[in-house]
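# Breakdown of the fold
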Amino acid sequence: METPLRPDVSETPLKGVRNNIVQSIRAFRVSDLQESATALGHHFLYANLATAQSKQDVLDMIAQQFTFPANFGKNFDALYDCMTDPLHKSGPQPGFIVVLEHIPANGKFDKEAREQLLDIFRDTADYWADRKVPFRCFYSFP
């Protein structure tokens, strides 16, 4: 009997986590999520936003840490576009595990801005779900 090249998701810490979801990181450790992405052959995207103060800071840091192209528009619409269409057009995708750590919670990046940011990633999860590609996004606040 042959051993599969990649483990089933049930053999990773993601057991019981839906394929397309945006949720709090809670009990997960970033290192475990990165190992799961590697084991499953998924893309791992990580952004540490601990020093971000504003929407522009958040977008700049995500663009830099996700290595978006230099022409990234630095707004929420451009963020959605970078997370979906160009990747879809580049060929079949195995899946994504995204971590947004320390999303700011202050006057310049208030609850409404945080929800808008997370909505972009929820919409991205829906986009990939329509294409049967796992997209799991985990986030934390300071």
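Shown above is the structure to which this text applies.
First, a word on scope: everything that follows refers to the structure included in this document. Here the structure is a predicted model, which is why all the values come from computation and not from measurement.

Ile62, Phe66, Leu79, Val98, Leu100 and Phe121 are the most contacted members of the largest nonpolar core, which has 35 residues in total. Of all the secondary structure elements, the ones that give two or more residues to this core are β2 (43-48), α2 (55-65), α3 (76-83), β3 (96-101), α5 (111-130) and β4 (135-139). The contact partners of Leu100, leaving out residues within four places of it in the chain, are Ala47, Ile62, Phe66, Phe121, Cys137, Phe138, Tyr139 and Ser140. Core analysis: the second largest hydrophobic core is formed by eleven residues, Ile21, Ile25, Leu33 and Ala37 among them.

Turning next to the side chain of Gln23. Considering the arrangement of structural elements, one finds Gln23 in strand β1 (residues 20-24). For Gln23, a relative accessible area of 13% puts it in the buried group. Aside from chain neighbours lying at most four places away, what touches Gln23 is Val17, Phe28, Cys137, Phe138 and Tyr139.

Regarding helix α1 (residues 30-40), the residues found buried are Leu33, Ser36, Ala37 and Leu40. One face of α1 carries all of its buried residues, which in axial projection span an arc of 100 degrees. Counted as exposed and oriented over 90 degrees from the buried face of α1: Glu35 and Thr38. Packing partners of the buried residues in α1 comprise β2, β3 and β4. Following α1 by one or two positions, Gly41 adopts a phi angle in the positive range, close to 75 degrees.

Turning to the packing of aromatic side chains, a few remarks are in order. Under the counting rule described, the total for this entry stands at nine aromatic pairs. With a centroid separation of 5.1 Å and an interplanar angle of 85 degrees, the aromatic rings of Tyr127 and Trp128 are classed as edge-to-face. Across the pair, exposure class does not vary: Tyr127 and Trp128 are buried alike. Aromatic rings pair up to connect Tyr80, Phe96, Tyr127, Trp128 and Phe135 into one cluster. Above the face of the Phe141 ring, Arg114 is positioned so that its terminal group lies 5.3 Å from the ring centre. Cation over ring: Arg131 sits above Tyr127, and NZ or CZ is 3.6 Å from the ring centre.

Parameters at a glance
- Residues numbered from 1 in each chain as written.
- Predicted model: local features only at pLDDT ≥ 70, side-chain atom pairs only at ≥ 80, totals over all residues.
- Heavy atoms only, no water.
- Core = buried A, V, L, I, M, F, W, Y, C linked by side-chain atoms within 4.5 Å.
- Buried < 20%, exposed > 50% of the residue type's maximum accessible area, 1.4 Å probe, protein only.
- Helix = DSSP H or I, 4+ residues; strand = E, 2+ residues; numbered from the N terminus.
- Contact = heavy atoms within 4.5 Å.
- Arc of directions from axis to C-beta.
- Phe/Tyr/Trp six-rings, centres within 6.5 Å; stacked < 30°, edge-to-face > 60°.
- Lys NZ or Arg CZ within 6 Å of the ring centre and 35° of its normal.

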